[in-house]
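A look at the structure
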Amino acid sequence: MIPGVWSKESALLGVHTLSLAARTFLSIYVAALEGHIVKHIVRRDARSFMLMLLRWFAVAIPATFINSAIRFLECKLALAFRSRLVDHAYGLYFNDQTYYRVSNLDGRVENADHCLTDDISAFTSSVAHLYSHITKPLFDCALVTVALAQSTHQMGANVVQGPLLACAVITVTGHILKAVSPHFGQLVSEEANRKGYLRAIHSRVIANAEEIAFYNGQKVELNHLRRAYKSLVFQMNKIFRQRLWYVMLEQFLMKYVWSGTGLVMVSLPILTGARQAGTGHGSSSSSDSVSQRTQYFTTAKNLLVSGGDAVERLMSSYKEIVELAGYTARVAEMLQVFEEVSRGEYQRTAVTNSKGVHTQSCLVQFNSEGQPLIKGRILESKDGSIRLEEVPIVTPNCDIVVSSLSIAVEPGTHLLITGPNGCGKSSLLRILSGLWPIYAGKLIRPAVCSMFYIPQRPYMTLGNLRDQVIYPDTVQEMAAKGIADTDLENILAVVRLRHIVTREGGWDVEADWKDVLSGGEKQRMGMARLFYHKPQFALLDECTSAVSLDVEGAMYQAAKDAGITLLTITHRPSLWKFHSHILQFDGEGGWKFGPLELHESSPSPAPVSETPRIMPYSKKEVLETAGSKNVPSVNGGVTELASSA
């Protein structure tokens, strides 16, 4: 939060410290000034009283400004700390796809959005407030002690008695409060955790409102919200109960015990110093003696009030420090997880060791805690091809879907990926995109910018219509590529979306596009991004399931004509003709890879064993496999859809 001595934060901290010190000097000056005012009142000196009163009003102007400046600088300091910390946290969060890996591959930070917003805000505000809450009382204690010693010495009394009594009472009070103080740090940390969980449930309801409405699932979601809210209320009531008796004891010791001690400290110099003054200064009048004692009493009382308030804030700051420890733990854990995840160090509860795959035939190694070890290597391809050599497909829950996969996809080799649900089709695309780690084997691929992934539900970003087509590019990057709006219109014409430019009012119209566009239009917008970026490989995950067959075929043919190599997950037999090879998973850990022959003369396939094999696989073999007794028919697989078609 403070990167260096010459940073903006250091300057704010220095000015804030000077303001706190200036406020302490003003407090001492005002206390002495009020003593002089009371002295002239006792003497019935109206002229001197009016002069002192004018000085008192004159001091009020800088005093009020300093008070306002202290609050202003505290808020500015908290905002500067937050800005610096947010910038650092955002840099870690969006580095190397950490935002995806934290929520999908690691299980330590459940609510990253809450940590990045509320937790950082509470932490920085607490730090800035605690600095003011400790620095000014320290100034007050030091300077008030010196001022009281000078006043006591002028009265001719013992300077040591009062401070010794004050130190003894404060020490005893501190030990008592420390012994009975609850664990506020753990309580506040748990409260923040439950607030984050409640917020996450609200976010989930908003994100899935349509699905919940279709199912009429509001009762279930309401029960989830009520349970989360009751859990938060229980934790907050627990904190309130702990604070009730602790604040009662704290107020008794600091308000009444300390006030009585202060009266004793003020009375000692008057009781003992009055006799000394009377013997050493016999010529002094009785009224002067009374006015001097009154002046001392007023000044000492105001100084003791300031000093007592300072010590009280120092004592109560222990509770704030403990609460700050809870915020610190959450923020520090978040930053640590971000750094570890960016290095490929994940921690997640392993649900099961494998899914239909024997561990002795798998290349994945596990540590003593049951976490898989990342032993695989990712190399950059020199010839532009994609190669997997003995790479296992492992889910974030440590389910081993495929023990070892070895395929090679050359540029121009259009690959059709089929198989039942949960067999590893989408998982393979995540591995190729670099979202999931390689636990064993070797992945040889071109640069990530040479591959473009289109999911079944394309993401619609914030912005205008132009931003939807060029995402994730900016307008400046689009101009640098030499692409104009007319080129974007030609791209929309390929995916049959040119009409939406006129329908929505032009390229610069901003809207909530995920609601404005229909499901099929959003999928075609995803394909429009493909033609805009023109990657070497297109990873297509059921990305045209809501598009009509004629438009779908035109888009696939246009992609092939543009020289884009297709890696397609689909259940539509109409798309087979656009591919030259097929990779089929059987859902039991086995797979087949080979050319896709579009004729009916190929022989029947051999049974698919659990040991991976590479062999040709024709369209007829896929159709015949659906009825084979050696390979089970799976709902949702390409075989069942093909045979029904």
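Definitions and cut-offs
Residues numbered from 1 in each chain as written. Predicted model: local features only at pLDDT ≥ 70, side-chain atom pairs only at ≥ 80, totals over all residues. Heavy atoms only, no water. UniProt positions renumbered as here; feature names shortened; annotations may be inferred. pLDDT = per-residue confidence, 0-100. Contact = heavy atoms within 4.5 Å. Pairing = 2+ DSSP bridges. Helix = DSSP H or I, 4+ residues; strand = E, 2+ residues; numbered from the N terminus. Axes fitted to C-alpha atoms, helices over the stretch in contact; angles between N-to-C directions. Parallel < 35°, antiparallel > 145°, perpendicular 65-115°, else oblique. Left-handed = near helix turned anticlockwise from the far one by under 90°. Nonpolar A, V, L, I, M, F, W, Y, C, P; charged D, E, K, R; others polar. Salt bridge = Lys/Arg side-chain N within 4 Å of Asp/Glu carboxyl O. Buried < 20%, exposed > 50% of the residue type's maximum accessible area, 1.4 Å probe, protein only.

Going by an unreviewed UniProt entry, the protein chain carries the name ABC transporter domain-containing protein and comes from Cloeon dipterum. Here the protein chain is described in UniProt, under the heading Sequence similarities (unreviewed entry), as follows: "Belongs to the ABC transporter superfamily. ABCD family. Peroxisomal fatty acyl CoA transporter (TC 3.A.1.203) subfamily."

Here the protein chain averages 81 in pLDDT, while 86% of its residues score no lower than 70. Across residues 274-284 the pLDDT falls below 50, and counting only partners more than four positions away or on other chains, this stretch makes 4 contacts in the model. Scored below 50 in pLDDT, residues 600-645 makes 93 contacts in the model with residues more than four places away or belonging to other chains.

Moving on to the sheet that holds strand S8 (residues 565-569). Read across the sheet, 6 strands follow the order S6-S7-S8-S4-S9-S10 without closing on themselves; strand pairing throughout is mixed. Looking at strand neighbours, the two that pair on one side only are strand S6 (451-454) and strand S10 (591-595), the edges of this open sheet. Ignoring which end each strand starts from, the neighbouring axes of this sheet average 15 degrees apart. Pairing of strand S4 (residues 415-418) with strand S9 (residues 581-585), which is carried by 4 bridges, proceeds in the parallel orientation. Following the sheet pairing, Leu 415 is matched in S9 by His 581. This element, helix H10 (residues 425-433), spans S4, S6, strand S7 (537-541), S8 and S9 of the sheet and lies at about 145 degrees to S7.

This next bit is on the packing of helix H16 (residues 519-533) against helix H17 (residues 549-561). Between H16 and H17, the least distance of the axes is 11 Å, while the angle of their chain directions is 15 degrees. In terms of orientation, H16 and H17 fall into the roughly parallel class. As for the relative orientation of H16 and H17, their crossing is left-handed in sense. Mapping the contact onto sequence places Arg 524, Met 527, Leu 530 and Phe 531 in H16 and Val 551, Met 555, Ala 558 and Ala 559 in H17. Residues of the contact of H16 with H17, tallied by class, amount to 7 nonpolar, no polar and 1 charged.

Let us look at the sheet that holds strand S3 (residues 400-409). Read across the open sheet, the 4 strands follow the order S1-S5-S2-S3; overall the sheet is mixed. At either end of the open sheet lies a strand with only one pairing partner, and these are strand S1 (377-380) and S3. The sheet shows a mean angle of 25 degrees between the axes of neighbouring strands, direction not considered. As paired strands, S1 and strand S5 (residues 442-445) are joined by 4 bridges and run parallel to one another. Bridging from a neighbouring strand, Glu 380 pairs with Arg 445 of S5.

We now examine the pattern of salt bridges. Counted according to the given criterion, the structure contains 21 salt bridges. When the shortest N-O distance is used, the salt bridge between Arg 387 and Glu 410 registers 2.8 Å. Placement of the pair is Arg 387 in strand S2 (residues 386-394) and Glu 410 in the loop between S3 and S4, with a sequence separation of 23 residues. Residue classification places Arg 387 among the partly exposed positions, given a relative accessible area of 28%. Here the residues in one salt-bridge network are Asp 106, Arg 108 and Glu 340, joined through shared partners.

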